[in-house]
Structures are given as structure tokens and as C-alpha cells.
Amino acid sequence: MKKSNSCARPSAGGGKVDFGQGIIYKIRITIPLFPLLNGVRIMSMGYVDLHLHTTASDGVLSPSEIVRYAKVKGLQAIAITDHDTIEGCEEGLSEGKKIGFEVIPGIEISAEHSPGSMHILGFFLDIHHPFLNERLAYLQKARAERNPKIVEKLNRLGINITFEEVVKASGGGQVGRPHFANVLLEKEYVRSFQEAFDRFLKKGAPAYVDKLRFTSKEALHFINESKGVAVLAHPNTLGMNGYSELEKLILRLVGEGLKGIEVYYPEHSAAEVAQYKTLAERYGLLMTGGTDYHGIEKNGLDIGVGRGEMKLPYSIVENLKAVRNRSLLGR
Ligand code: AMP
Ligand code: ZN
Ligand code: FE
Ligand code: FE
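Procedures and definitions
Residues numbered from 1 in each chain as written. Chains lettered and ligands numbered in written order. Predicted model: local features only at pLDDT ≥ 70, side-chain atom pairs only at ≥ 80, totals over all residues. Heavy atoms only, no water. Donors = N, O, S within 2.8 Å, 3.2 Å for Na, K, Ca; no water. Helix = DSSP H or I, 4+ residues; strand = E, 2+ residues; numbered from the N terminus. Buried < 20%, exposed > 50% of the residue type's maximum accessible area, 1.4 Å probe, protein only. Contact = heavy atoms within 4.5 Å. Near = heavy atom within 4 Å. Polar contact = N/O pair within 3.5 Å; in protein donor to acceptor, adjacent residues only side chain to side chain. Areas by Shrake-Rupley, 256 points an atom, 1.4 Å probe, with all protein chains shown as cover. Nonpolar A, V, L, I, M, F, W, Y, C, P; charged D, E, K, R; others polar.

A. A look at the coordination of the iron ion (ligand 3). Glu108 (OE), His119 (ND1) and His234 (NE2) make up the full set of protein donors to the iron ion (ligand 3), lying at 2.0 to 2.2 Å. Between the donor residues of the iron ion (ligand 3), the gaps in sequence give the motif E-x10-H-x114-H. Between the two metals, the iron ion (ligand 3) and the iron ion (ligand 4), the spacing is 3.4 Å, and Glu108 donates to both. Taken together, the residues Glu108 in strand β5 (residues 102-111) and His119 in strand β6 (residues 118-123) connect sequence positions eleven residues apart. Under the relative-accessibility criterion, His119 is labelled buried at 14%.

B. Geometry of the environment of Ala233. Assignment of secondary structure puts Ala233 in the loop between β7 (229-232) and α8 (243-256). Classification of Ala233 by relative accessible area gives buried; the value is 1%. Linking Ala233 and Tyr264, residues 31 residues apart in sequence, is a C-alpha distance of 9.5 Å. Look past the residues within four positions of Ala233 in its chain and what remains in contact with it is His51, Glu108, His119, Ile120, Leu121 and Glu262.

C. Just the coordination of the zinc ion (ligand 2), in detail. Here the zinc ion (ligand 2) is held by the protein donor atoms Asp58 (OD), Asp58 (OD), His83 (NE2) and His294 (NE2), which lie 2.0 to 2.7 Å from it. Linear spacing of the donor residues for the zinc ion (ligand 2) on their chain is D-x24-H-x210-H.

D. Representation of the site of ligand 1 within the structure. Taken together, Asp58, His83, Arg143, Arg146, Gly176, Arg177, Pro178, Gln194, Phe197, Lys202 and Lys211 make up the full set of residues adjacent to ligand 1. Side-chain polar atom of Arg143 to an oxygen atom of ligand 1: 2.7 Å apart, as the coordinates give it. At 3.0 Å from an oxygen atom of ligand 1 is found a side-chain nitrogen or oxygen belonging to Arg146. Coverage of ligand 1 by the protein amounts to 74% of the 500 Å² it exposes when considered alone. Of all elements in the fold, only α3 (130-156), α5 (177-186) and α6 (193-201) reach the threshold of two or more residues within the shell around ligand 1. For the shell around ligand 1, the residue count by class is two nonpolar, three polar and six charged.

Below, the structure is given as C-alpha cells:
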């Protein structure tokens with residue numbers, strides 16, 4: 001992996017600078033390496049995207065493709081955060097090494113929660129950690145048992161669909177409901193991807209089968225054990241009723257090992273962003289962001305920029321690294 005090329009690493013002495021992440025760094029003012037910059041250290045200028053899916057889960061681009069695409073788009077770093085799997089990380093990391101682009105190995109875990117859904121991101125995981133791999137294998141086994149049940153339910157509803165067709169639609173990665181939706185669309189049982197969910201696949205619909213989920217405590221435990229930094233993804237899907245309910249939940253998660261909140265996300269309103277920022281600042285949590293780009297893009301959403309509104313500075317990655325290093329020291 002490429003080393004951080006930031007010009008703003010914290011160091012002793014000098015003035016204090018707020019990088020907009022709620023973390024105040026001290027920086028040195030004179031840097032002999034950059035005499036032409038008049039003694040002023042500049043921040044790394046690039047942008048990042050820390051929430052992306054590949055063919056290892058329900059994305060359309062392979063890990064190598066998404067890494068190359070991110071580079072072409074001029075980003076400085078990305079995190080690969082597939083649903084419940086790290087299978088795409090190795091390929092993404094090695095492509096990054098090959099083309100000189102920083103890739104962060106990550107994951108997005110679905111945790112038990114109601115009334116909405118809770119997703120937890122893990123960044124900088126040690127992807128070879130035995131405990132992490134054992135926990136993820138357990139999830140995969142549960143998924144493997146669930147998928148034929150969805151096929152069965154659809155068949156009983158008069159839909160001619162086979163498990164093989166769904167596996168083919170998954171492109172060889174983990175099979176999930178979006179692949180069922182694509183087959184239903186291809187075979188013209190529905191007119192849109194969304195209709196497949198609404199009529200058949202979503203929670204409460206006739207072909208829905210629940211999937212095994214870890215509790216937040218379990219998910220946060222194995223992310224931390226495998227040296228990852230855990231961040232609550234898109235809090236607007238939690239279905240929390242107001243600020244104080246969300247605050248209570250976040251406090252519980254912090255107690256279980258949460259280190260940050262995904263504040264910047266295409267589906268967050270300005271009011272939500274402000275609320276999540278306040279919470280992160282109040283409890284000293286990292287603020288991250290990402291587009292949740294899946295390759296196929298809905299309503300003009302693209303990697304790095306979302307629908308044009310996202311500009312996530314590289315300092316987010318530096319802050320994640322700082323928290324990771326700090327927790328490694330405390331281990
Ligand atoms: P699975 O992990 O197999 O349960 O599939 C979860 C994925 O299905 C999510 O990441 C979404 O991409 C998609 N999904 C879940 N619920 C809906 C919904 N109501 N409408 C559209 N897509 C959905
Ligand atoms: Zn997805
Ligand atoms: Fe998610
Ligand atoms: Fe996602």
C-alpha cells in the first residue's frame with residue numbers, strides 16, 4: 001500500500017490547525033523539503049471515497065476495475081467495503097500496488113437492529129486475521145442456506161427462477177437479494193429493480209427470507225480484534241426517532257467499540273449531516289464519508305463525487321490511520 005503522502009502529519013511544535021474533522025493537529029511551519037512553498041505545509045489535495053462495493057458483493061465492477069476507475073477519476077484513496085465479505089480486498093490491494101493507488105481494506109457488516117437497518121463499516125482490517133475470517137465464513141454459510149429458500153419461495157409464487165441463474169447474475173461473488181432482483185428483471189417478471197424488491201424481496205414481501213446477522217457488539221468486537229476501525233454507516237437508515245434516540249444508540253455503540261460515524265453520504269440531507277457532525281464532535285468520533293457506489297448507477301451517482309455534492313478530503317484517511325495506530329498501541 002502506498003504510504004500517506006500527506007504534508008500535514010502531526011508533529012511537535014508550531015501552530016494548531018483544525019482540519020474540519022474535529023481533531024486539532026499541531027503542525028510544524030518550516031519544512032526544508034518544500035522550500036519553494038514559502039515554509040507553509042500544504043495539505044494533501046486529493047479526495048477519497050470510503051464506501052464502495054465490488055463484484056465480491058453486489059457491485060458491478062471487479063475490485064481491480066473499481067481501483068483503476070478511482071484512479072482515472074483522480075481520487076487519492078478508496079476503501080473497498082463489500083457487504084459481509086472481504087473477498088475483494090486482496091485483489092483491490094494488489095491492483096492498487098500495481099498502479100500506485102492507495103486502497104484501504106474494508107467491509108460493511110449488517111448488524112441486528114430494528115426498526116431500520118444498521119450497517120457497520122470496518123476500515124484497515126487485517127484481512128488475514130483468523131478470527132475475522134472465521135466470523136465471516138459463518139455468515140457466508142448462513143447466506144448459502146438462505147438463498148435456496150428465496151428461490152423456493154419465488155417458485156411457489158409461480159416464478160420460474162433457478163439458483164444457478166442467480167449465481168450467474170452474481171458474477172461469482174457473494175449472492176444476495178440484488179442478484180435475485182436482476183434475474184427477475186431480466187426475465188421480465190418485474191419492470192424495474194425496485195419493483196422486484198417492493199413486490200417480492202423486501203422485508204415483509206412474500207419471498208423475503210431473513211438473514212443471520214451479528215449483533216452490533218459482535219460485529220464491533222471482530223472488527224476491533226482484526227485491527228479495523230469501526231464506523232457507523234449511513235445513520236439515516238437506522239429508523240431512529242429523533243436526536244436523543246440516535247444519541248443513546250451511538251453511546252451504546254461507542255461502548256461496544258465504535259470509533260466513527262459516516263457523516264457524508266449521498267442520501268443524507270443537510271440537516272442529517274449537521275446532526276451526525278454534532279454527535280461525532282460531542283463524542284470525539286471520526287467523521288467519514290463515501291458514496292456507496294455499486295457500479296450501476298442510480299440517478300447519476302458516481303464514485304468519489306456522489307451526485308456532485310461530495311468532496312471528501314484525504315485528511316479523513318489520515319484521521320482513520322491515527323485512530324488505528326492509537327488503538328494498536330493500546331492493545
Ligand atoms: P442482502 O444482503 O441479500 O439482504 O441484500 C441487501 C442489499 O439489497 C442491500 O445492500 C441493497 O442493495 C438491496 N436492498 C435491500 N432492501 C432494498 C429495498 N427495499 N429496495 C431496494 N434495494 C434493497
Ligand atoms: Zn449493496
Ligand atoms: Fe449500507
Ligand atoms: Fe454499502
